[in-house]
Amino acid sequence: MSTESQAPVILITGGSRGVGAATARLAAAQGYDVAISYVSNEAAAQAVAADVRAEGRRALAVCADSADPNQVVRLFAAIDGEFGRLDVLVNNAAIIARQSRVEDLTFERMQRIFAVNAIGPMLCAQQAARRMSRLHNGRGGAIINVSSGAARLGSPNEYVDYAASKGALESFTIGFSKEVAREGIRVNGVRPGHIYTEMHASGGEPGRVDRIKDTVPMGRGGQPEEVARAILWLAGAEASYVTGTFVDVTGGK
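For clarity, every value in this text was computed on a predicted model and none was experimentally measured. (Residues numbered from 1 in each chain as written. Predicted model: local features only at pLDDT ≥ 70, side-chain atom pairs only at ≥ 80, totals over all residues. Heavy atoms only, no water.)

Caption draft 1: Structural detail: the environment of Ile 10. In this fold, Ile 10 is placed in strand β1 (residues 9-12). Between the C-alpha atoms of Ile 10 and Ala 235, which are 225 residues apart in sequence, the distance is 9.0 Å. (Helix = DSSP H or I, 4+ residues; strand = E, 2+ residues; numbered from the N terminus.)

As structure tokens, this is what we get:
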């Protein structure tokens, strides 16, 4: 194991694109060493890692499906070996599937969406708590769960299963935050609204944000960097008395 890094270390799951990539780049600019996980696009992940190193920070990109407990264990072991510490976990990895009404959802789709979007963050939070908690001689830390405005709105006719998985993530955020509040760990959530990322193409409509931006009070879609700033505010000392809460980054919707 390498000697312990003095810079704070942040892990961002699903860090190869979209909000995760923007958070990784901004974290590096703010002085964090950065670990990211990714599932399939190694080239994109390594490009983000290169951007982190260009800021003078250390970077680690690990292929790991956060819905697989064995891969989660390996991910955190890799961080132990590379950095020797963990200060912030951003549970960002999430998936959607093609727009669909509830009556047409397959069981396999429901299972996979809940595995990645709800169970995956719980598995990662377990590993993070074992390293951060003062019960385990940790120095404390922060966990930010990336939810969605869909958890409040329900995404009818499009992604009710996705919205429900994010609702589960929010209930977990509330309960877990209370469980570890006296152990030096703050747990909060961010709810992005309609953000310009590649995720919409996964749902079958790459131009979705432009279609619905007029329903947003601010009249525009959001940028991944705008979500990243909220995540890193919650991660940092400026939010030292904030836990168990959610920041909506939704343009007022």
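Caption draft 2: Spatial organisation of the nonpolar core. Ile 10 and Val 34 are the most contacted members of the largest nonpolar core, which has 32 residues in total. Breaking this core down by element, the ones donating at least two residues are β1, α1 (18-29), β2 (33-38), α2 (42-54), β3 (59-63), β4 (88-91), β5 (141-146) and α9 (224-235). Of the residues forming this core, the biggest block, 6 residues, is contributed by α9. Counting residues in each nonpolar core, the second largest holds 26 residues, with Leu 11, Leu 89, Phe 176 and Ile 185 among its members. (Core = buried A, V, L, I, M, F, W, Y, C linked by side-chain atoms within 4.5 Å. Buried < 20%, exposed > 50% of the residue type's maximum accessible area, 1.4 Å probe, protein only.)

Caption draft 3: Region of interest: the sheet that holds β5. Taken together, 7 strands build an open sheet; the order of strands is β3-β2-β1-β4-β5-β6-β7 and the sheet is parallel. A single partner strand is all that each edge strand has here, and the edge strands are β3 and β7 (246-249). Across the sheet, the mean angle from the axis of one strand to that of its neighbour is 15°, orientation sign disregarded. Where β1 lies against β2, 4 bridges are found, and the strand directions are parallel. Paired with Ile 10 across the bridge in β2 is Val 34. Lying over the sheet, helix α4 (residues 107-132) contacts β4, β5 and β6 (185-192), oriented at roughly 175° with respect to β4. (Pairing = 2+ DSSP bridges. Axes fitted to C-alpha atoms, helices over the stretch in contact; angles between N-to-C directions. Contact = heavy atoms within 4.5 Å.)

Caption draft 4: Highlighting the side chain of Ser 100. Mapped onto the fold, Ser 100 is located in the loop between β4 and α4. In this structure, Ser 100 is in contact with Leu 105, Arg 109, Asn 157, Glu 158 and Tyr 159, ignoring residues within four places of it in sequence.

Caption draft 5: Seen up close, the packing of helix α3 (residues 69-83) against α4. Across the interface, α3 lies against α4 with an axial gap of 9 Å and an inter-helix angle of 35°. As for how α3 packs across α4, the hand of that crossing is right-handed. Counting all contacts with α3, which are made through Pro 69, Val 72, Val 73, Phe 76, Ala 77 and Asp 80, the residues of α4 involved are Leu 123, Cys 124, Gln 127, Ala 128 and Arg 131. Per-class residue counts for the contact of α3 with α4 are 8 nonpolar, 1 polar and 2 charged. (Left-handed = near helix turned anticlockwise from the far one by under 90°. Nonpolar A, V, L, I, M, F, W, Y, C, P; charged D, E, K, R; others polar.)

Caption draft 6: Structural detail: the packing of α1 against α2. Interaxial distance between α1 and α2 falls to 8 Å at its minimum, and their mutual angle equals 15°. In this view, α1 runs roughly parallel relative to α2, as classed from their interaxial angle. Crossing geometry of α1 relative to α2 is assigned as right-handed. Contacts between α1 and α2 involve Ala 21, Ala 24, Arg 25 and Ala 28 from the first element and Val 48, Asp 51 and Val 52 from the second. Within the contact of α1 with α2, the residues separate by chemical class into 5 nonpolar, no polar and 2 charged. (Parallel < 35°, antiparallel > 145°, perpendicular 65-115°, else oblique.)

Caption draft 7: Spatial organisation of the pairing of β1. Residues Val 9 and Leu 11 of β1 are buried on one face, and the alternating residues Ile 10 and Ile 12, pointing to the opposite face, are buried as well. Handedness of the crossover joining β1 and β2 through α1: right-handed. Relative to β4, β1 runs parallel, the two being bridged by 3 bridges. In the sheet register, Ile 12 faces β4, and the bridge partner there is Val 90. (Right-handed = clockwise from strand over helix to strand, strands pointing away.)

Caption draft 8: Local environment of the packing of aromatic side chains. Counted according to the given criterion, the structure contains 2 aromatic pairs. Geometrically, the ring pair formed by Phe 172 and Phe 176 is stacked, given 5.2 Å between the ring centres and 10° between the ring planes. Linking Phe 172 with Phe 176, this pair stays in helix α6 (residues 160-180), spanning 4 residues, or about one helical turn. Judged by relative accessible area, Phe 172 falls into the buried class, the value being 16%. Judged by relative accessible area, which is 10%, Phe 176 ranks as buried. (Phe/Tyr/Trp six-rings, centres within 6.5 Å; stacked < 30°, edge-to-face > 60°.)

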